Each structure stands twice: as C-alpha cells, then as structure tokens.
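Take a look at the letters that make up each chain.
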Amino acid sequence: MKNKRRNETNPWLGLAPYKEGMSFWGRSKECILLSEIIKNNNASIVFGKSGIGKTSLMNAGISPVLRKDNYIPIPIRFVHNSDVTYSEQIVTKIKETVICEDNLPSNIEPLGLWDFFHRHTFYNKERTVCTPVIILDQFEEIYTLTKAENKGCICDFFQELSYLLNDIKPDNVLSVENGYMQKVSTLFNSSIKIIKHSKSSRFHYSRNNNFRIVICLREDKLFLLERNSSNIPSLKANRFNLQELTTDGAMDVIISPCLGLFTKNDALNIINKLSNINEEGTKTIEPAILSLFLYKYFEKGINTNYDNIFSDYYLEATKDIKEDSLFLLEKNLLTLNGYRNQIPLDDIVSLGVTIEEIHKLLKRIILRTEKRKGIEYIEFSHDRLCIEAKKNREKRQADLLALRAKRKIFIICIILLFSIIVSCFFFRQNYKLKKYQENLKELNSSLQHQVNINDIQNHSLKILNKRLEQQIIQNEKKTDSLNEVCIMLKTEKQLTSFQKKRIVKVTNEKNNILNQFTLLKERIDNNNKQSKVLKTINQTERMPNSTATFNDENNNEIVDEINTINTKTKKTLNITQVSDLE
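Keep in mind that what you see is a predicted model, and the values were worked out from it rather than measured.

Some words on the overall build of the protein
So, point 1. Helix and strand counts for the protein stand at 21 helices and 12 strands.
So, point 2. Burial analysis of the protein (582 residues in total) assigns 43% to the buried set.
So, point 3. Summed over all atoms, the accessible surface of the protein reaches about 33900 Å², with 54% contributed by carbon and sulfur.

What follows is the structure, encoded as structure tokens:
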C-alpha cells in the first residue's frame, strides 16, 4: 500500500474545495434533490454550517448534473467595496461564460438585471439556447466584508434582485421604453398599430424563464439575508439546508475514492472516532474533518489526532513560516471578527510576505488563489482554518500584551532598583559627609589645641634662645679671659713641664668649647627655622602632633649640652685658677 500511495494522486483534497470535473463522493442524494430544486425555481438558497462543503457540492456535485440539461453553472464570488456594482459583476461574468444575443436596439443602454435577462437570449458554445445558473458563493461576505460607507450598494442590489425575481418592470425601464416609443411615433408619420408591429421600433423583451440564481451562504448569516429579502417571496420558499455526512455518505467518502486502501471495518472505526451524535440520535460527520483526516492519512500513512485535527494541521503547516509573515497573513486575510477576507496577491507581497512562503501555504492548502479580471486574489482556503488563524492571532496578541506587560514590569523594577541604589548611594554619601564633618570638627579642635601648644613651645624657644645668647656671651668672656691667661702663661719664661702640659690641655679644651658653641649656634638657627615652620603650620591649621615632641626633645638636649659645657667651663676655669695659684 505504501508504493501505491506514493504513485497515486491523493483523492482527498483536505480542506481545499472540489472543482467541477473532480470525483465527488458521499453526496449523491443531495445532488439529485438540490439539482431539481434549482431547475424548477428561478431562485434557490443553499445554507449550512461553515465547512460543511457547500462550495464543493455546487462545483463538483451540482454543476455536472446541471450541464447535462443545458444549464450553464456560473460561479461568482463578489468583489466588495469596488466601483463595479454587484449587478455589473454578474452581467460581466455571464458575458464571459456564454453567448449573449441582445434583442433590443443597440442604442438602448443597459438598465439593470431585469433589463439584461429580458432583453437577451443565451447560447452555449454549440449555439444552443441555454439557461445560465448564477451561483453566488460565499454570499455572506457582502455583509462581513462590505465597509460601512458602502452598505448602500447592498440595498441597491436587493432592489434590482426583487425586480428580477418578482418579474416587475423597473421604473427606469418603463421610462426609457416610453421615451423610445414616443421618438419612434414622431419619426414615423403613421398609425400606432403600424409602429407597434414594426420590428425595428419595438422593445423585444423575452418572457422566457431564462435564468437561475443560487445563493450559498453560512447558516449563521441567514438572518442577515432575511432582512433584505422580505419583499422577495421566492427567497423564502426554495431553501436547501446542507447537513453533515451520514454514516452511509461517510462510508462512500472513505472507501470509494481509493478502493482497497480501507476495509469496511476500517471505515467504521474512522466513523466511530470522528462522528458526533445529532439531536435525532444518528451519527453524523463533518465533511471537512473527514476529508482532512483522510488527506493526512494518505500522505503520511499514519493515524492523526482526532481531537485537534484542525489546530494541529494549521500549526504543522505554518511552523516554518516566519512569525512576521504569518502575522501579516492573519491580520490582512481575516476581518476583525475572524471572517475570510480576499486581498490581491501583490498587496500581501508588498507588505513583506515572500512569494516562497505563499507557495508553501498554497501547496499545503492553507491558502488559495482566485483570479478576477486579471488580478490574482489570495485568501484562506477554508472557514475552519479561519477559526484556527483567529485563535493563533489572538494568542499572539495576548502573548504580545503579556510581553509588553512584562517589559513594563521589568522597566519599573529597573527604575525602582536604580532608585534604591541612588538612594543608598546618597544616604551613604550623606553619612560620610556627616562623619567627615564630625572628624573635621575634631581635627579643628585638635589643631587648635596643637596651635596653643606650639605657641607655648615658641615662647619657650624664645626664652631658651635668650638664655643661650647670654650663655654664649658669658662663654666668650670666659674665652677671652682664658686667652689672656694663655698669653700670660706664654710670656712667663720659667714654666714647669707640668704647667706646659696644663696649658696645652686648657688650649684644647678651649678649642672644643668653641666648637661646641659653634654647633650650638647652628642648632639654635635650626630651632629658629623650625619655629618659623611651626608658625606657618599654625596658620594653615595642619600641624602634626609629632612636631611638638620633636622640638621638646631637641630643646632638652640643647639644655643638657649647655649645662655640660658650663660644667666643663667651670672646671677649666677652676683648673686655670689653680694653675695660676701654683
């Protein structure tokens, strides 16, 4: 079976609609009944749930049956919010499909639907008289896609439709007809009877029943049609409600397209898993779900999830499409309420969706295209996919809102954290500033205390310097006396050896004393310099505590040395005096 499956074309189209000429299964009873309703009535309405298979039934089921009796099906999908009215779109499509022979003079301009169908005779390609069957598919779109400012065109269309279906000659046709007849009577100077029977001067309106109109729409939008069809009785009488597949129809859909792939038991198992029980207690199956399941089974040869078959199919088919492209498709191909919306292919490409991505979705039957007047339009392939696309769009919007909320919360947290950090920083700086001010006060008080101590030390140094200067003067005097003594000793001619030694010793001591006094002068100068430095530091209030200790130690040392020198000097003088006495 795998080889067979690979070599054959998939007989099930999934969510894609069946077209005329394709094999169509499971709706034989519906085809017979509906085709008879259409043949016997000028207007018919086919309604059913979204995804029930209305388009496929009309294309592949009804159209071949109608053609056998020389009815020409003309499917029309209206273009909305256009400068071309709905009536003009119908006329244009009919002229493109069949041969239209005008029975009125060529100088009579078109006057609407009633005029068009009553003035023309329609022929097929073999020049046989035929009846065009206008199939208005997806008719609910005139309510869901027409903008508010263009709603008036809906009323205008139903007004023309009422004239046609009720076979009432419109006022504009009567006006033109009367005017034309008056011109003809004036042109010919003859009796009214001759004018009436003259072929070139009459309006040859046909009374033949030469058209059929079939309106296909979703049953949840049927109430909108009721608002506009209150004065069209035929739209209320001839209605066909397309239901879900019965068990027999589902068996035909499963087994007949590919004989041998499924046994009868396999088909019953599939029906049991996919079917629902209706109000009458019978099993029914949605055609879209069954077709999609069989399509995926044929392609992959494996069972699929029955519960979320559409959501799984949509997510699987769009998993390799960029998020931005998918967002653009879901935004532009769906209305705000989640209905299908057709837009030109070039427009969606110009928004940023690539041709490669569109081709992928077309191949996977997520999208489909339709050509109108040379313009290729694109839309979702099925209403059920619109539901999944709407869910996906809403989920994405919810995720986006959640992400924005998280970002706002994150930004708020960042701002709060930054505020806390800044507050802590300023609190710490304020604490440091207060601490610094306290330390500065303590330092100022200690500096002030040190200044007072330095002033006292300076005063003490001044007193000490005075004492040193006095001592130096006294020592100089003593030195002079020693010099005199030496001179006296030298002048004496008779000196003992002992006295000579004593004189040498005294002279040496004198020199030492002079040297010590010289050092003392230098140290006094240094002390004076240090005093000046202390004064400068006191002025700048940056005096270190170690300076006072250093000066005290120096002064004590100087005082000790002076006392020592004085003692030595006294001894020397005593020795000199003793020598003199000797």
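From this point, things continue past the structure.
A word on the sheet that holds strand β5 (residues 131–136)
So, point 1. With respect to topology, five strands assemble into an open sheet ordered β2-β5-β6-β1-β7, the strand pairing being parallel. Looking at the sheet topology across the chains shown, the edges are occupied by β2 (71–76) and β7 (239–242). The average undirected angle you get between the axes of adjacent strands in this sheet is 20 degrees.
So, point 2. Across the sheet, helix α2 (residues 28–40) is in contact with β1 (43–48), β2, β5, β6 (212–218) and β7; its angle to β7 comes to roughly 160 degrees.
So, point 3. Strands β1, β2, β5, β6 and β7 of the sheet are contacted by helix α3 (residues 54–68), whose axis makes an angle of about 160 degrees with β2.

Quick word on unusual backbone geometry
So, point 1. Even without glycine at this site, N70 takes up a positive phi of about 65 degrees.
So, point 2. Here N70 is to be found in the loop between α3 and β2.
So, point 3. On the basis of relative accessibility, which here comes to 22%, the residue N70 falls in the partly exposed class.
So, point 4. One non-glycine residue, Q138, adopts positive backbone phi at about 55 degrees.
So, point 5. By secondary structure assignment, the location of Q138 is in the loop between β5 and α6 (141–144).
So, point 6. Looking at Q138, the relative accessible area reads 9%, which means it is buried.

Section: the pattern of salt bridges
Where charged atoms from two side chains of opposite charge come close, those side chains can pair.
So, point 1. The final tally for this structure, using the stated rule, is 21 salt bridges.
So, point 2. A salt bridge links E20 to R67; the shortest N-O distance between them is 2.3 Å. With E20 in the loop between α1 (2–7) and α2 and R67 in helix α3, this pair connects stretches of sequence that are 47 residues apart.
So, point 3. Taking relative accessible area as the criterion, E20 reaches 38% and is therefore assigned partly exposed.
So, point 4. Residue R77 pairs with E379 through a salt bridge whose shortest N-O separation is 2.5 Å.

A few points about helix α14 (residues 287–300)
So, point 1. The end-to-end C-alpha separation of α14 is 20 Å, in line with the 20 Å expected for 14 residues at 1.5 Å each.
So, point 2. By the criterion of burial, α14 is predominantly enclosed, with 12 of the 14 residues buried.
So, point 3. Buried residues of α14: P287, A288, I289, L290, S291, L292, F293, L294, Y295, K296, Y297 and F298, and no others.

So, the packing of α2 against α3
So, point 1. Between α2 and α3, the least distance of the axes is 9 Å, while the angle of their chain directions is 65 degrees. Judged by the twist between their axes, the crossing of α2 over α3 is right-handed. Residue-level contacts link E30, C31, L34, S35, I38 and K39 of α2 to L57, M58, G61, I62, V65 and L66 of α3.
So, point 2. For the contact of α2 with α3, the per-class residue count stands at eight nonpolar, two polar and two charged.

What to know about the environment of I108
So, point 1. Mapped onto the elements, I108 comes out in the loop between β3 (99–102) and α5 (113–119).
So, point 2. Here the alpha-carbon distance between I108 and Y180, two residues 72 residues apart in the chain, equals 8.8 Å.

Quick word on the sheet that holds strand β10 (residues 343–344)
So, point 1. The antiparallel open sheet is built from three strands, whose spatial order is β10-β12-β11. Of all strands in the sheet, those with a lone pairing partner are β10 and β11 (367–372), marking the two edges.
So, point 2. Looking at chain direction, β11 and strand β12 (residues 375–380) are connected through six bridges and run antiparallel. Across the sheet, the residue bridging to E370 is Y377, located in β12.

So, the side chain of R77
So, point 1. Topologically, R77 is positioned in the loop between β2 and α4 (86–97).
So, point 2. Within the structure, R77 has its side chain in polar contact with the side chain of E141 (distance 2.6 Å).
So, point 3. Here E379 takes part through its side chain, which lies 2.5 Å from a polar atom of the side chain of R77.
So, point 4. For R77, the residues in contact, after removing those within four places along its chain, are Q89, D137, Q138, E141, Q342, R368, E370, R372 and E379.

Structural notes on the side chain of T318
So, point 1. Structurally, T318 is set in the loop between α15 (309–317) and α16 (323–332).
So, point 2. Ignoring anything within four residues of it in the chain, the contact list for T318 reads L326 and L361.

A short note on the nonpolar core
So, point 1. In terms of nonpolar packing, the biggest core is built from 52 residues, with W12, L290, L294, I366 and F380 touching the most fellow members.
So, point 2. Examining the composition of this core, we find that nine residues originate from one element, α14, more than from any other.

Quick look at the packing of aromatic side chains
So, point 1. Throughout the structure, instances matching the rule amount to 18 aromatic pairs.
So, point 2. Each ring, one from W12 and one from F262, has its centre 6.1 Å from the other, and the planes form 65 degrees; the classification is edge-to-face. One end of the pair, W12, is in the loop between α1 and α2; the other, F262, is in the loop between α12 (247–255) and α13 (264–274), and 250 residues separate them in sequence. Neither W12 nor F262 differs from the other in exposure class; each is buried.
So, point 3. Centroid distance F78 to F139: 6.4 Å. Interplanar angle 55 degrees. Geometry classified as tilted. Of the two residues, F78 sits in the loop between β2 and α4 while F139 sits in the loop between β5 and α6, which places them 61 residues apart along the sequence. There is no split in this pair, since F78 and F139 are both buried.
So, point 4. Every member of this aromatic cluster is reached through a ring pair, and the members are F78, Y86, F139, Y143, F157 and F158.
So, point 5. Cation over ring: R127 sits above Y123, and NZ or CZ is 4.6 Å from the ring centre.

Definitions and cut-offs
Residues numbered from 1 in each chain as written. Predicted model: local features only at pLDDT ≥ 70, side-chain atom pairs only at ≥ 80, totals over all residues. Heavy atoms only, no water. Helix = DSSP H or I, 4+ residues; strand = E, 2+ residues; numbered from the N terminus. Buried < 20%, exposed > 50% of the residue type's maximum accessible area, 1.4 Å probe, protein only. Areas by Shrake-Rupley, 256 points an atom, 1.4 Å probe, with all protein chains shown as cover. Pairing = 2+ DSSP bridges. Axes fitted to C-alpha atoms, helices over the stretch in contact; angles between N-to-C directions. Contact = heavy atoms within 4.5 Å. Salt bridge = Lys/Arg side-chain N within 4 Å of Asp/Glu carboxyl O. Expected span 1.5 Å × (residues − 1). Left-handed = near helix turned anticlockwise from the far one by under 90°. Nonpolar A, V, L, I, M, F, W, Y, C, P; charged D, E, K, R; others polar. Polar contact = N/O pair within 3.5 Å; in protein donor to acceptor, adjacent residues only side chain to side chain. Core = buried A, V, L, I, M, F, W, Y, C linked by side-chain atoms within 4.5 Å. Phe/Tyr/Trp six-rings, centres within 6.5 Å; stacked < 30°, edge-to-face > 60°. Lys NZ or Arg CZ within 6 Å of the ring centre and 35° of its normal.

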